[in-house]
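Structural characterization, general
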Amino acid sequence: MPRSQPNRFPSLVPAAALAAALAAALAAALAAASAAAEVPIVQPGAPGEPVRALSAQEAIEVADTSYSRDDVRFMQDMIPHHAQAVQMAELVAARTNNPDIIDIAGRINAAQADEIAFMQGWLEARGEQAPAPSHAEHTHASHEMMGMATPEQMAELEASGSTDFDRLFLQLMIPHHEGAVSMVDDLLDQPGAAYDPVLFEFTSDIVNDQTTEIEIMNGLLVGLSDDPRAGLAPGFRDAGEAIHNLRLLAALPKPAGFFDPENPAGLSPPRLEAIAQGESSEAAVDVDDTASAAMDHHGGDHHGGGEATIEAAEAEADAEAEDDAEPYDRSPLLSFMNTDIAFAGNVMVVGNYHGYNIYRLDAAGLPDHVSSIVCPGGQGDVSIVGDLLIMSVEQTRGRLDCGLDGVGEDVSPARFRGIRIFDISDLERPMQVGAVQTCRGSHTHSVVSGPGEDGVIVVYNSGTATVRDGEELEGCFDESPGDQRTALFRIDVIEIPVNDPSAARIVDSPAVFADEETGALAGLWRGGDHGDDTQDTERTDQCHDITVFPAAGIAAGACSGNGIIFDISDPRAPTRIDEVVDEGFAYWHSATFNNDGTKVLFTDEWGGGSRPRCRAYDPLTWGADAIYDIVGGELVYRSHFKIPAPQVEEENCVAHNGSIVPIPGRDIFVQAWYQGGVSIIDFTDSAHPQEIAFFDRGPIDAEEMILGGYWSTYWYGGRIYGTEIARGIDVLELTPSDFVSANEIAAAALADQGSVFNPQQQFPVSWPAEPVIARAYIDQLVRAGTLTAESAGAMNAALDQVKAQLDLSRRDRRLARRVTAIAEDIGGESRAARGLADTLDALAARLRG
């Protein structure tokens with residue numbers, strides 16, 4: 001018989017007993033559930049406020065992830081936002097017959113009315129309040145932040161008609177659409193928002209549709225502009241041109257070795273492929289023309305861009321609907337971008353990411369190419385001191401030996417980032433004679449002083465790149481600002497012995513942004529925005545440009561998040577005097593003093609110089625100039641200036657480098673605006689700057705934004721020289737106008753600049769005691785209405801006699817007494833009046849011998 005098996009489940013009980021036990025357990029569970037339902041669920045209030053009782057369903061809704069409170073607010077705010085767009089669109093039919101505006105209004109009426117119904121349904125389906133479209137006053141966000149028009153603006157739109165209506169409609173609708181895009185961005189920034197797939201798809205559609213419409217409307221608004229710079233035809237060598245109170249004397253293309261002959265315009269591979277397949281393009285250039293020694297100068301034709309812009313934008317939208325691939329945003333390894341310029345005597349050096357080019361200026365001030373120096377590393381900003389040329393290098397591909405291979409390793413002894421020093425005594429064969437490695441490279445530099453009696457040049461270095469590895473360069477740390485060793489929040493003070501440039505070295509790296517009381521390195525702007533409708537400004541841990549004014553012992557720093565003035569009376573120990581912020585500035589880029597060092601003009605490089613920032617709807621205080629007076633050692637804000645010409649999406653445009661035009665008695669500034677062209681402003685009245693001249697070309701390409709336009713424009717020796725990033729070098733001159741007289745232009749040409757001009761280094765210019773200088777002041781007094789034409793005529797007659805005597809090198813004491821008497825009779829305390837009196841006294845002294 002088989003052995004009997006032991007009971008392996010000793011707890012096993014008969015079925016009846018089991019059923020009874022289960023019934024008891026179920027009863028106990030039900031009792032527990034009933035008891036749990038009676039346990040209170042509460043939500044505490046703020047400190048001191050009463051507790052609120054919640055139902056189980058209410059408690060669940062707190063953690064419901066299907067949609068968020070932010071989603072609800074977004075939908076509730078977007079309904080009146082859309083409604084206002086429909087309201088504006090409904091005004092169109094009775095006020096304009098512009099087919100483009102009518103088409104836009106039709107699309108708004110068709111799309112946004114349906115979207116309002118969708119949003120109301122979405123809210124109602126979730127038991128949320130769905131506001132009526134007319135209840136705009138109940139929105140959670142500010143109307144300004146949402147881009148909505150004010151009641152006054154709506155009334156103005158309703159009262160306008162024809163072209164005035166078209167222009168105002170676009171000016172209001174573009175920021176309105178931008179507001180919708182911003183609302184989506186703000187929503188997506190919130191945790192858990194737009195988790196609902198339907199809502200997320202809706203927000204994506206808003207961004208895509210509104211962005212496309214913005215581009216279309218910008219093109220239309222450009223076409224409605226009266227400014228001749230608006231809507232210029234695109235092209236690399238044959239772009240449309242607009243010029244006002246200037247004359248283009250020469251346009252030199254880049255020399256061989258400094259452009260890609262297969263792609264001189266720098267188009268992307270997809271764009272080149274499209275051209276090769278037969279697409280028409282103004283940027284398809286003839287290589288032989290590109291390499292030629294000069295460009296033909298074409299007149300300033302104005303081309304409207306309305307229909308073409310709409311068709312292009314619609315075609316682009318259709319293409320995006322078929323292909324959701326990311327746009328091509330890659331750049332080639334080797335870059336041939338022209339950058340900054342330096343002058344000494346008749347020598348002009350043009351920096352480039354690929355090296356630099358040296359030119360001699362002829363008697364007419366036109367450049368003659370002498371040599372090309374290939375030494376890649378970007379960005380190639382240059383300065384000249386005697387026979388030495390100083391060059392900034394920042395890219396990680398830069399090599400100490402100027403090699404073309406670049407540097408691939410994370411840490412390499414071959415890499416160079418810092419200040420190169422060349423001996424250019426032989427202009428045809430410059431030799432590298434010194435190099436100073438720095439932790440953050442050299443984006444720009446400033447020649448502060450020297451060589452003095454000690455034979456040393458002092459240079460401030462501004463590095464803006466990441467801190468290199470300490471294994472590559474000893475002493476480089478990029479830890480937080482709490483670590484006093486960090487290379488952030490500093491500038492470098494470099495000494496260069498003229499007799500031995502190889503011994504050049506960093507002598508100090510002062511923490512110029514430190515808090516004066518606590519010593520904390522991050523003592524200035526910490527980054528971020530300044531509140532609603534303000535720029536997101538970078539943290540102040542670097543200076544982009546430091547412009548020195550040694551004669552006054554001061555410097556102006558454009559330092560990412562702040563504008564700063566420094567005391568540099570001891571060049572080796574700069575100290576901060578004052579600093580300011582600007583709610584409209586994204587990145588403080590450069591600074592320029594007026595001629596007597598009592599004003600500073602700062603620029604904002606919003607978008608880094610690579611984006612379109614001068615479109616018809618871009619704010620006029622963003623990407624602009626900010627003008628400050630220096631009063632008692634403090635910076636006092638006076639005004640902003642931005643070029644008034646609307647540019648298109650294919651033109652990178654923002655405030656960039658410029659210099660003073662030395663017209664006596666006035667503050668005149670010539671400035672580069674990338675593809676916004678060259679602009680000259682009068683900021684003699686700091687609070688009311690006025691544009692007085694300009695030159696601009698159309699975009700490099702009709703379809704693609706190519707990084708181009710003017711990097712720098714500087715006055716030197718009576719001419720204006722501009723480095724065009726992609727095209728080459730332009731030489732211009734001022735022409736007489738209602739704003740500037742022939743005498744003033746002639747006086748500026750006589751200004752003594754010390755036969756040298758370096759970016760970020762300013763010396764006060766002076767003017768000789770010549771009759772034309774006095775005539776320039778007379779013209780200013782007549783223009784201001786403080787000198788009658790009769791008095792001006794008598795003064796000019798006396799100056800005719802002065803000139804005749806001086807030309808013959810004759811003394812004339814009687815005429816000298818007459819000129820002195822005229823000077824004594826000049827009344828007023830204006831700069832022109834004082835300048836005229838001083839000049840007449842100096843002329844009288846010359847006549848007396």
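See the structure above.
Right, let's walk through the structure included here. (Residues numbered from 1 in each chain as written. Predicted model: local features only at pLDDT ≥ 70, side-chain atom pairs only at ≥ 80, totals over all residues. Heavy atoms only, no water.)

1. Some words on the overall build of the protein chain
- Secondary structure assignment for the protein chain yields 15 helices and 32 strands.
- Split into buried and exposed, the 849 residues of the protein chain put 53% on the buried side.
- Counted over contacts in the protein chain with a minimum sequence separation of 6, partners at least 24 positions apart contribute 64%.
- Carbon and sulfur atoms provide 51% of the accessible area of the protein chain, an area that totals close to 38,000 Å². (Helix = DSSP H or I, 4+ residues; strand = E, 2+ residues; numbered from the N terminus. Buried < 20%, exposed > 50% of the residue type's maximum accessible area, 1.4 Å probe, protein only. Contact = heavy atoms within 4.5 Å. Areas by Shrake-Rupley, 256 points an atom, 1.4 Å probe, with all protein chains shown as cover.)

2. Remarks on the state of the cysteines
- For the coordinates displayed, the defined rule picks out four disulfides.
- Note that C375 is cross-linked by a disulfide to C402, the S-S spacing being 2.0 Å. Of note, the bridge from C375 to C402 carries an S-S torsion of about -70° and is left-handed in sense. Note that C375 is positioned in the loop between β8 (367-374) and β9 (379-385) and C402 in the loop between β10 (388-393) and β11 (418-423), a separation of 27 residues in sequence.
- Judged by relative accessible area, C375 falls into the buried class, the value being 0%.
- When the bonded cysteines of the protein chain are counted from the start of the sequence, the pairing works out to 1-2, 3-4, 5-6, 7-8. (Disulfide = S-S within 2.5 Å.)

3. Digging into helix α11 (residues 742-750)
- Burial in α11 covers these residues: E744, I745, A747 and A748. All buried residues of α11 project into a common sector of 160° when viewed along the axis, lining one side.
- Buried residues belonging to α11 abut β29 (710-716), β31 (728-734) and α12 (771-784). (Arc of directions from axis to C-beta.)

4. Topic: unusual backbone geometry
- A cis amide bond links G378 to the next residue, Q379, at an omega of -5°.
- Here Q379 lies in strand β9.
- Of note, the bond from G450 into P451 is cis; its omega dihedral lies within 30 degrees of zero at -5°.
- For C402, which is not a glycine, the phi torsion comes out positive at approximately 60°.
- For Q760, which is not glycine, the phi torsion reads 70° and is therefore positive.
- Looking at the secondary structure, you find Q760 in the loop between β32 (756-757) and α12.

5. Concerning the pairing of strand β25 (residues 658-661)
- As judged from the four bridges shared by β25 and strand β26 (residues 668-672), these two strands associate in the antiparallel manner. Residue pairing for β26: V661 is matched across the bridge by I668.
- In sequence, β25 turns back onto β26 through a hairpin of six residues, with G665 there showing a positive phi of about 85°. (Pairing = 2+ DSSP bridges.)

6. Some details on helix α4 (residues 99-125)
- For α4, spanning 27 residues, the distance from its first C-alpha to its last is 39 Å, which sits close to the expected 39 Å at 1.5 Å a residue.
- Among the residues making up α4, those that are buried are D100, I101, I104, A105, I108, Q112, E115, I116, M119, W122 and L123.
- Looking at the residues trailing α4, positive phi occurs at G127, about 70°. (Expected span 1.5 Å × (residues − 1).)

7. Focus: the sheet that holds strand β19 (residues 562-567)
- Taken in spatial order, the four strands line up as β17-β18-β19-β20 in an open sheet, and their pairing is antiparallel. Since the sheet does not close on itself, it has two edges, and those belong to β17 (545-549) and β20 (575-580), each with one partner. Going from strand to strand, the sheet's axes swing by 20° on average, the running direction of each strand aside. (Axes fitted to C-alpha atoms, helices over the stretch in contact; angles between N-to-C directions.)

8. Here's the deal with a negative patch on the surface
- A cluster of like negative charges, contributed by D185, D186, D189, D529, D532, D533, D536 and E538, occupies part of the molecular surface.
- Here D536 is to be found in the loop between β16 (505-508) and β17.
- Exposure remark for D536: the relative accessible area of 55% places this residue in the exposed category. (Patch = residues over 30% accessible without salt bridge, like charges linked within 9 Å, V, L, I, M, F, W, Y side chains within 5 Å. Salt bridge = Lys/Arg side-chain N within 4 Å of Asp/Glu carboxyl O. Lys, Arg positive; Asp, Glu negative; His and termini not counted. Charge placed at Lys NZ, Arg CZ, Asp CG, Glu CD.)

9. Concerning the packing of aromatic side chains
- Per the counting criterion, the structure on display carries 17 aromatic pairs.
- For the ring pair F165 and F169, a centre distance of 5.8 Å and an interplane angle of 25° mean the geometry is stacked. Pair noted here: F165 and F169 are both in helix α6 (residues 162-188), with a separation of four residues, about one helical turn.
- Judged by relative accessible area, which is 0%, F165 ranks as buried. (Phe/Tyr/Trp six-rings, centres within 6.5 Å; stacked < 30°, edge-to-face > 60°.)

10. Describing the packing of helix α5 (residues 151-159) against α6
- Orientation of α5 relative to α6, taken along the N-to-C sense of each, is 150°, at an axis distance of 9 Å. Between α5 and α6, the crossing angle belongs to the class labelled roughly antiparallel. For the element pair α5 and α6, the recorded crossing hand is left-handed. Residues Q153, E156 and L157 of α5 form the contact with α6, whose participating residues are F165, L168, F169 and L172.
- For the contact of α5 with α6, the residue count by class is five nonpolar, one polar and one charged. (Parallel < 35°, antiparallel > 145°, perpendicular 65-115°, else oblique. Left-handed = near helix turned anticlockwise from the far one by under 90°. Nonpolar A, V, L, I, M, F, W, Y, C, P; charged D, E, K, R; others polar.)

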